[in-house]
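# Architecture and fold: a report
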Amino acid sequence: MTGLFIDGGVPLFGSVAASGAKNAALPLLAASLMMNGSSTLTNVPHLMDVFTMLKMLNALGVRAEMQPGNRVVINNTKKVKHIAPYDLVTAMRASFFVAGPLVAKTGFAKVPLPGGCSIGSRPIDIHLKGFERLGIQHSIEHGFVELKVKSLRGNSVHLEFPSVGATENVMMAACLAEGTTVIENAAREPEITDLANFLNKAGAKIIGHGSACITIQGVAELNGTDHPVVSDRIEAGSLLIAGAITGGEVTVTNCVPEHSAPMLEKMREAGLVIGIGPDWMSVKAEGRYTGIDFETLPFPGFPTDMQAQMMALLTVANGTSIIKESIFENRFMHAHELMRMGAKIKLDNRHAVISGVPKLAGAEVKITDLRAGAALILAGLVADGRSNIYGLKHLRRGYDDLPGKLRSIGARITD
Ligand code: UD1
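Residues numbered from 1 in each chain as written. Predicted model: local features only at pLDDT ≥ 70, side-chain atom pairs only at ≥ 80, totals over all residues. Heavy atoms only, no water.

### A closer look at the overall build of the chain
For the chain, the count of helices and strands is 14 helices and 24 strands. Its C-alpha radius of gyration of 21 Å places the chain within 12% of the 22 Å reference for a compact globule of 415 residues. Along the first, second and third principal axes, the C-alpha set of the chain runs to 65 × 45 × 40 Å. Sequence-distant contacts in the chain: of pairs separated by 6 or more residues, those separated by 24 or more amount to 73%. If you sum the accessible surface of the chain, you get close to 15,800 Å²; carbon and sulfur atoms cover 51% of it. (Helix = DSSP H or I, 4+ residues; strand = E, 2+ residues; numbered from the N terminus. Rg over C-alpha atoms; globule rule 2.2 N^0.38 Å. Contact = heavy atoms within 4.5 Å. Areas by Shrake-Rupley, 256 points an atom, 1.4 Å probe, with all protein chains shown as cover.)

Written as structure tokens, this is what we have:
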């Protein structure tokens, strides 16, 4: 079994750069399906999920390849195919991002149902209801969603929940609709703003992104363009917590502190010393920080993708913390592994109560999902003795060389 071996108890010091965001790169790549000619994305992270999306684009008839320097070049000159391969959609739920661009561009798309995943059931009903408002009909048969549209028309779309994926899928499709679409109760995550900026450079007419009301005036075509992927606020946050949990002092560069504001606020509340600049943020731990309470919410609330890492931080805080996970119904699996390292956590449905302990103990633990992987590594960094962390495939889906980045600021990690 391949694993990571961490010798904990070493404070981390230094500066480390964040990569481009997974959750921005994936929809940006999907959006390139709608753009004629050539597009170049820079600051693209090297991740399994990005490589899965590149395979998806190639399977659909678009030439897309990762080149040196974190650059992806996409050539969309041939007729795009309609059917997304089963193995790629089941490997990565975000493959469903191709649905909106494909049906908008060609009038027809057949995409396997993405199914659930370990953190929750994750249905696509909000995507489909949004599509319906644009005149896109769907049927679900033999495990595939078939989407058809004769005439794509702009309309008002009220999302019953600000789903990130549904906002992105509907926003992309609406770019090529006739007339104006207004998405109400839209998700406001920075990755949606990044996608809207890319689409606008390609000729789309989108305003209001970053707010709960996005207006899209349809255009006849989109043309390839260049765009740098926004920095990964979740990776940046994970690196900052590595500095805090080990009692060190770490600066994360190439990031947008504003995007991490909900997390920084909570870290300050815990008594950590936070610094920010235009494209960097830093943390310094002065003694033992205190427990805090938080609830995961859509942006600008506390991100569910930082919940596991924050839980790791709170396992060794002074006092008790309460976490409410409001986005996904099964996102506490890391808690069981943290308890194997000596953490004191009680789970009750959507709540976790963490009683801080002075020390964790190195143990053999298994990664259950992407962000759980980061949480266990963070716990390993502060635990006494050696931790063996298994299940790295989950980590590689969404972190671009996290062990290497941590080593660069002093962590003792081998693989
Ligand atoms: C995206 C992120 C993921 C993050 C999540 C929430 C990407 C590639 N992934 O996932 O990292 O954890 O946002 O910030 O950007 N839901 C429905 N019906 C739908 C769609 C969603 O019930 O049609 C529910 C989901 O089951 C979940 C909640 O809404 O409980 C949030 O999901 P959503 O915002 O859509 O997350 P994703 O776009 O899948």
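Continuing now.
### Comments concerning the packing of aromatic side chains
Counted under the stated rule, the structure contains one aromatic pair. Measuring from ring centre to ring centre gives 4.1 Å for F294 and F302, while their planes differ by 35°; the resulting arrangement is tilted. A relative accessible area of 6% means that F294 is categorised as buried. (Phe/Tyr/Trp six-rings, centres within 6.5 Å; stacked < 30°, edge-to-face > 60°. Buried < 20%, exposed > 50% of the residue type's maximum accessible area, 1.4 Å probe, protein only.)

### A word on the site of the ligand
Neighbouring the ligand are 19 residues, the closest being D125, I126, S163, D305 and I327. Here I126 contributes a backbone N or O atom positioned 2.8 Å from an oxygen atom of the ligand. Contact distances for the ligand include 2.6 Å between an oxygen atom and a side-chain N or O atom of S163. Bound to the protein, the ligand loses 87% of the 740 Å² it would expose on its own. Elements with a minimum of two residues in the shell around the ligand: helix 5 (125–133) and helix 6 (164–174). Sorting elements by how many residues they give to the shell around the ligand places helix 5 first, with three residues. In terms of residue class, the shell around the ligand is made up of nine nonpolar, five polar and five charged. (Near = heavy atom within 4 Å. Polar contact = N/O pair within 3.5 Å; in protein donor to acceptor, adjacent residues only side chain to side chain. Nonpolar A, V, L, I, M, F, W, Y, C, P; charged D, E, K, R; others polar.)

### So, helix 2 (residues 48–59)
With twelve residues, helix 2 extends 16 Å between its outermost C-alpha atoms, agreeing within 8% with the 16 Å of an ideal straight helix rising 1.5 Å per residue. Of all the positions in helix 2, only D49, V50, T52, M53, L54, M56 and L57 are classed as buried. With its phi angle positive at about 100°, G61 sits one or two positions after the end of helix 2. (Expected span 1.5 Å × (residues − 1).)

### A closer look at the nonpolar core
If you look at the biggest cluster of nonpolar residues, it comprises 78 residues, and the most contacted ones within it are V98, M171, L199 and L222. Examining the composition of this core, we find that seven residues originate from one element, helix 1 (residues 22–31), more than from any other. The residues contacting V98, other than those within four sequence positions of it, are A30, L33, M53, M56, L60, A84 and V111. (Core = buried A, V, L, I, M, F, W, Y, C linked by side-chain atoms within 4.5 Å.)

### Things to note about the sheet that holds strand 20 (residues 344–348)
Ordered by their spatial adjacency, four strands build an open sheet running 18-19-21-20, and the pairing between neighbours is mixed. Edge positions in the open sheet fall to strand 18 (293–295) and strand 20, since each of these has one partner strand only. The sheet shows a mean angle of 15° between the axes of neighbouring strands, direction not considered. Sheet analysis places strand 20 next to strand 21 (residues 351–355), joined by five bridges and oriented antiparallel. Within strand 21, the residue paired with K344 across the bridge is S355. (Pairing = 2+ DSSP bridges. Axes fitted to C-alpha atoms, helices over the stretch in contact; angles between N-to-C directions.)

### Some remarks on the environment of L264
Looking at where L264 falls in the secondary structure, it is placed in helix 9 (residues 261–269). Its relative accessible area of 4% is what places L264 among the buried residues. Each C-alpha atom of the pair L264 and S211 lies 21 Å from the other, and the pair is 53 residues apart in sequence. Contacts of L264, omitting those with residues within four sequence positions, involve L240, P257, I274, I276 and M281.

### Describing the sheet that holds strand 2 (residues 13–17)
Ordered in space as 2-15-17-16, the four strands form an open sheet in which the pairing is mixed. Of all strands in the sheet, those with a lone pairing partner are strand 2 and strand 16 (273–276), marking the two edges. On average, each strand axis in the sheet is inclined to that of its neighbour by 15°, with strand direction left out of account. In this structure, strand 16 lies alongside strand 17 (residues 280–284), joined through four bridges in antiparallel fashion. Directly across from I274, in strand 17, lies its bridge partner V283. Where helix 9 meets the sheet, its contacts fall on strand 16 and strand 17, and the angle it forms with strand 16 comes to roughly 145°.

### Thoughts on the packing of helix 6 against helix 7 (residues 190–201)
Running from N to C, helix 6 and helix 7 point in directions that differ by 10°, and their axes come no closer than 10 Å. Taken together, the axes of helix 6 and helix 7 are roughly parallel relative to one another. Every residue of helix 7 that contacts helix 6 at V164, T167, E168, M171 and M172 is listed here: E191, I192, L195, A196 and L199. The residue inventory of the contact of helix 6 with helix 7, partitioned by class, reads seven nonpolar, one polar and two charged. (Parallel < 35°, antiparallel > 145°, perpendicular 65-115°, else oblique.)

### Details of the environment of K129
With respect to the helices and strands, the residue K129 is situated in helix 5. Accessibility expressed as a relative area gives 42% for K129, which makes it partly exposed. K129 sits 28 residues away from V157 along the chain, and the two C-alpha atoms are 8.5 Å apart. A polar contact is formed between the side chain of K129 and the side chain of E160, at a distance of 2.9 Å.

### Description of helix 7
Compared with an ideal rise of 1.5 Å per residue, which puts twelve residues at 16 Å, helix 7 spans 17 Å between its outermost C-alpha atoms and is within 8% of the ideal. Turning to helix 7, its buried residues number three or more, namely P190, E191, I192, D194, L195, A196, F198 and L199. Looking one or two residues beyond helix 7, the residue adopting positive phi is G203, at roughly 115°.

### Quick word on the state of the cysteines
Taken as a whole and judged by the stated rule, the model has zero disulfides. The closest cysteine sulfur to the non-disulfide-bonded C175 is located on C213, 15 Å from its own sulfur. A relative accessible area of 36% places C213 in the partly exposed class. (Disulfide = S-S within 2.5 Å.)

Function cannot be inferred from these measures alone, as they are strictly geometric.
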